[in-house]
Amino acid sequence: MVDGVSTTTSNFFATADIYPTRASIGSHGVSILTYTGQGDTKSLATGLSTKPDVAIFKRLGTDGGDWNYVTDVTGSMVAAELNNPTATVTVPIASDGFQASTITGLNGGAVNDATTYVCYLFQRTPGLVGAGHFVGGENVNVVINDGASGFQPAFLMIKSIGGSRYWVIHDSVRNPVNPASLRLHPNTEETEAVAGTA
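Residues numbered from 1 in each chain as written. Predicted model: local features only at pLDDT ≥ 70, side-chain atom pairs only at ≥ 80, totals over all residues. Heavy atoms only, no water.

(A) Up close: the overall build of the chain. Secondary structure summary: the chain contains zero helices and 13 strands in total. Secondary structure elements in the chain, listed N-terminal to C-terminal, are β-β-β-β-β-β-β-β-β-β-β-β-β. Across the 198 residues of the chain, 37% fall into the buried class. When contacts within the chain are restricted to residue pairs at least 6 apart in sequence, those whose partners lie at least 24 apart make up 50%. Taken as a whole, the chain presents about 10,900 Å² of accessible surface, with 53% of it coming from carbon and sulfur. (Helix = DSSP H or I, 4+ residues; strand = E, 2+ residues; numbered from the N terminus. Buried < 20%, exposed > 50% of the residue type's maximum accessible area, 1.4 Å probe, protein only. Contact = heavy atoms within 4.5 Å. Areas by Shrake-Rupley, 256 points an atom, 1.4 Å probe, with all protein chains shown as cover.)

(B) Looking closely at the nonpolar core. If you look at the biggest cluster of nonpolar residues, it comprises 20 residues, and the most contacted ones within it are Tyr35, Phe57, Val70, Ile103 and Leu106. Of all the secondary-structure elements, those providing two or more residues to this core are β2 (30-36), β4 (54-59), β7 (94-98), β8 (102-106) and β9 (116-122). Broken down by element, this core gets its largest block of residues, three residues, from β9. Ignoring anything within four residues of it in the chain, the contact list for Leu106 reads Asp40, Thr41, Lys42, Leu44, Phe57, Ile93, Ala94 and Val111. Judged by nonpolar contacts, the second largest core, of six residues, contains Val54, Ile56, Leu82 and Trp167. (Core = buried A, V, L, I, M, F, W, Y, C linked by side-chain atoms within 4.5 Å.)

(C) The arrangement of the sheet that holds β4 in detail. Read across the open sheet, the six strands follow the order β1-β2-β9-β4-β5-β6; overall the sheet is antiparallel. The sheet is open, and its two borders are formed by β1 (22-24) and β6 (78-81), each paired with just one other strand. Strand after strand, the sheet turns through a mean of 15° between neighbouring axes, direction not considered. Sheet topology places strand β5 (residues 67-71) next to β6; four bridges connect them, and they run antiparallel. In the sheet register, Asn68 faces β6, and the bridge partner there is Glu81. (Pairing = 2+ DSSP bridges. Axes fitted to C-alpha atoms, helices over the stretch in contact; angles between N-to-C directions.)

(D) Examining the environment of Asp66 more closely. Mapped onto the fold, Asp66 is located in the loop between β4 and β5. Asp66 sits 16 residues away from Leu82 along the chain, and the two C-alpha atoms are 7.4 Å apart. In this structure, Asp66 is in contact with Phe57, Lys58, Glu81 and Asn83, ignoring residues within four places of it in sequence.

(E) Expanded view of the packing of aromatic side chains. As enumerated under the stated definition, the model contains two aromatic pairs in all. With centroids separated by 5.0 Å and ring planes inclined at 70°, the aromatic side chains of Tyr69 and Trp167 adopt a geometry described as edge-to-face. You can see Tyr69 sitting in strand β5 and its partner Trp167 sitting in the loop between β10 (155-158) and β11 (168-171), a full 98 residues away along the chain. Like Trp167, Tyr69 is buried. (Phe/Tyr/Trp six-rings, centres within 6.5 Å; stacked < 30°, edge-to-face > 60°.)

(F) Local environment of the pattern of salt bridges. In the structure shown here, the tally under the stated rule is four salt bridges. Here Lys51 and Asp53 are joined by a salt bridge, their closest N and O atoms 3.8 Å apart. Residue Asp53 is classed as buried on the basis of its relative accessible area, which comes to 7%. A salt bridge links Arg174 to Asp171; the shortest N-O distance between them is 2.5 Å. Here Arg174 falls in the partly exposed class, since its relative accessible area comes to 24%. (Salt bridge = Lys/Arg side-chain N within 4 Å of Asp/Glu carboxyl O.)

Shown next as structure tokens:
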């Protein structure tokens, strides 16, 4: 149900193989869906009017499987697993890409059995959500700017797509003032680290 209206294929969602069982469709750049997997190479209705920039999928239940991360911000579809530091994969779980109202070509860890999944979708929204890529190095200072004056991300997640490096998370609660030196690695059980010391 969205805004008190029942969400059926005829009045809300685009035609797709899979429809959400629950959905929080946001105009603020973040949407959350739950759905039931139905086998490989399916399309998922998102209810969005513009395409997402990032999608994160997780199978729920006793055998949760990997956290699957998919994006096309580099100009082509790339995927990685949040719980794994390995390099990105060339055949992502959304192999056909993101469209305005569906994610097509879902396979593997996003639909492969009749289990409940959760999907987090992120869309670029000035002043709220940014998604992009940059070329970095050990001594490169990267300025994160979405065009909004004075914008500082509250949450920043980074992954090298060219090698087996850890995921890195920075946030403005633990680092309210730049430079953001405290970091977490979601693919490990490590404690919080300070950039340049671990």
